[in-house]
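# Observations on the three-dimensional arrangement
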Amino acid sequence: EYVHKRRSEPADDLITRLIAAEEQGDRLTTDELIATCVLLLNAGHEATVHALGNGVKTLLQQCWDPAWLAPAGIENLVEEILRFDPPLHLFTRYAYEEAEVMGHTFQRGDQVALLLASANRDPAAEDDAEIFDPSRPARTNMSFGGGLHFCVGAPLARLEMQIALPILFQRCPDLKLAADPRYSNSYHFHGLSELQVTR
Ligand code: HEM
């Protein structure tokens, strides 16, 4: 209904821009437009919510050091939070044709689960991968996927975290965990259902 309305009454909003978006003469169909909005809401909003929640939890559990949140440390801190506790721990793919990868043969139609969180802790890629260490040299981690479908929102998500975390801990420097953090029982997201804190 809203899309329909914006087609005849354009406004300064995202839906109007998506309606106007054009590539080589093609516009999005209404179904494509709705699918894009769902994708942006799920991918863009929920992933960042969980990234922030996991980040706050990790900082409280790790007895955060103010230097981590200072301008010189914040980029590394955010990379380490994303590596250590990624909000999307798993993505799946389907094999379109028979393929052999590292000695394993996939048949056409096989579903393959890619454990991004596990790759982030690959001992062959990181030293002491199980240890949270914001001073480790930031390497490309798997939290935003890879290849063709690499997250289009990665720079925005990083920026949101780099801005929000220092503000929160500046305003609430005595934040403490009041109960064990509870992860939600979700297949796709690796995020908290609640994080009880005191200030
Ligand atoms: C910390 C926050 C975020 C994380 C951890 C994250 C993670 C990911 C991952 C792992 C993928 C790859 C999916 C795949 O391989 O199939 C992805 C794709 C995507 N992300 Fe994010 N994302 C985050 C924030 C955002 C934001 C803020 C936006 C948009 C404003 C966004 C938009 C998208 C879109 C549109 C795709 C699909 C790209 C494609 O299929 O070509 N994400 N994201």
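Looking only at helices and strands, one finds 7 helices and 8 strands in the protein. Referenced to the eigenvectors of the C-alpha coordinate spread, the extents of the protein come out at roughly 55 × 50 × 30 Å. Every one of the 199 residues in the protein was classed for burial, and the buried ones make up 32%. For the protein, the distance from the average site of its 17 positive side-chain charges to the average site of its 29 negative ones is 6 Å.

Moving on to the coordination of the iron atom of the ligand. Of all protein atoms, Cys151 (SG) alone acts as a donor to the iron atom of the ligand, lying 2.3 Å away. Turning to its location among the elements, cysteine 151 is positioned in the loop between helix 6 (116–120) and helix 7 (154–171).

A few words now on the site of the ligand. Around the ligand lies a shell of 22 residues, among which Leu88, Arg93, His149, Cys151 and Val152 are the nearest. In this structure, a nitrogen atom belonging to the ligand sits 3.5 Å away from a main-chain N or O atom of alanine 43. Histidine 149 places a polar side-chain atom, nitrogen or oxygen, 2.6 Å from an oxygen atom of the ligand. With respect to the detected pockets, the ligand is housed in the largest pocket. Breaking the shell around the ligand down by element, the ones donating at least two residues are helix 3 (30–61), strand 1 (90–94) and helix 7. A per-element tally of the shell around the ligand places helix 3 first, with 6 residues. Looking at side-chain class alone, the shell around the ligand contains 15 nonpolar, 6 polar and 1 charged residues.

This brings us to helix 3. Across its 32 residues, helix 3 extends 46 Å between first and last C-alpha, which sits within 8% of the 46 Å expected from 1.5 Å per residue. Directly beyond the C-terminal end of helix 3, a positive phi value near 50° is found at cysteine 63.

Within the secondary structure, arginine 83 sits in helix 5 (residues 74–84). Residues contacting arginine 83, with those up to four places away along its chain left out, are Asn120, Arg121, Glu126, Ala129, Ile131, Arg136, Asn141 and Ser143.

For the rest of this paragraph, the subject is empty space enclosed by the protein. Inspection of every chain in the model, using the stated rule, returns 1 cavity of 30 Å³ or more. Every residue lining the largest cavity is listed: Asn76, Glu79, Glu80, Arg83, Glu126, Arg136, Pro137, Ala138, Arg139 and Asn141.

This structure, assessed with the given rule, holds 10 salt bridges. In this structure, arginine 121 engages glutamate 130 in a salt bridge whose closest nitrogen and oxygen atoms are separated by 2.7 Å. Arginine 121 sits in the partly exposed class, given a relative accessible area of 24%. According to the relative accessible area criterion, glutamate 130 is exposed, its value standing at 54%. A salt bridge links glutamate 126 to arginine 139, with the shortest nitrogen-to-oxygen separation between them at 3.5 Å.

The next subject is the packing of aromatic side chains. Considering all chains together, one arrives at 4 aromatic pairs under this definition. The interplanar angle of 70° and the centroid separation of 5.7 Å between the aromatic rings of tryptophan 68 and phenylalanine 132 together place this pair among those described as edge-to-face. Linking tryptophan 68 in helix 4 (residues 66–69) with phenylalanine 132 in the loop between helix 6 and helix 7, this pair joins segments that are 64 residues apart in sequence. Like tryptophan 68, the residue phenylalanine 132 is buried in the burial classification. Every member of this aromatic cluster is reached through a ring pair, and the members are Trp68, Phe84 and Phe132. Above the face of the phenylalanine 84 ring, arginine 121 is positioned so that its terminal group lies 4.3 Å from the ring centre.

Now for the nonpolar core. Ranked by size, the top nonpolar core spans 21 residues in total, and within it Leu59, Leu69, Leu77, Ile81 and Phe169 carry the most contacts. The leading source of residues in this core is helix 5, at 6 residues. Each residue touching leucine 59, except ones within four places of it in the same chain, is listed here: Trp64, Trp68, Leu69, Leu77, Ile81 and Phe169. Listed in part, the 5 residues of the second largest apolar core include Val3, Leu18, Ile19 and Leu33.

The rules behind the values
Throughout this document, residue positions are counted from 1 along each chain, in the order its sequence is written. In keeping with the model being predicted, local features are shown solely for residues with a pLDDT of at least 70 and side-chain atom pairs are shown and tallied solely at 80 or more, while totals for entire chains, interfaces and linings include all residues. The basis for the side-chain values is all heavy atoms of the structure; hydrogens and waters are excluded. Put simply, DSSP H or I for four residues or longer makes a helix, DSSP E for two residues or longer makes a strand, and each gets a number counted from the N terminus. Think of it in three bands: residues with accessible area under 20% of the maximum for their type are buried, residues over 50% are exposed, and the middle band is partly exposed, with areas taken using a 1.4 Å probe on protein chains only. None of His or the chain ends enter the tally, which takes Lys and Arg as positive and Asp and Glu as negative. In plain terms, the charge of a residue is placed at NZ if it is Lys, CZ if Arg, CG if Asp and CD if Glu. Keep in mind that water is not among the atoms, so a site may look incomplete; donors are the N, O and S atoms within 2.8 Å of the metal, or 3.2 Å for Na, K and Ca. Note on definitions. A residue lies near a molecule or strand when any single heavy atom of the residue is within 4 Å of it. Any pair of nitrogen or oxygen atoms within 3.5 Å is treated as a polar contact; in protein, a donor-acceptor pairing is required on top of that, and neighbouring residues in sequence qualify only through side-chain atoms on both sides. Think of a 1 Å grid over just the protein atoms. A cavity is a set of points where a 1.4 Å probe fits yet cannot get out, a pocket is an open set with protein on both sides within 12 Å along at least five of seven lines, and lining residues have an atom within 4 Å of a point. Placement in a cavity or pocket follows one criterion, namely that more than half of the molecule's atoms lie within 2 Å of its grid points. Only Asp, Glu, Lys and Arg are considered charged in this grouping, and only Ala, Val, Leu, Ile, Met, Phe, Trp, Tyr, Cys and Pro are considered nonpolar; every other residue, Gly among them, is considered polar. Every helix has an expected span of 1.5 Å times one less than the residues it contains. The contact rule is simple, with two residues in contact once any of their heavy atoms fall within 4.5 Å. Grid points are joined across faces, edges and corners, and a volume is the space filled by probe spheres set on the points. Here a salt bridge means any side-chain nitrogen of Lys or Arg lying within 4 Å of a carboxyl oxygen belonging to Asp or Glu. Stacked, tilted and edge-to-face are the three classes assigned to paired rings of Phe, Tyr and Trp, where Trp is represented by its six-membered ring and a pair needs centres within 6.5 Å; plane angles under 30 degrees give stacked, over 60 edge-to-face, the rest tilted. By the criterion adopted, a ring carries a charge over it if an Arg CZ or a Lys NZ lies within 6 Å of its centre and within 35 degrees of its normal. Nonpolar cores are built from buried Ala, Val, Leu, Ile, Met, Phe, Trp, Tyr and Cys residues. Side-chain atoms within 4.5 Å join them into one set.

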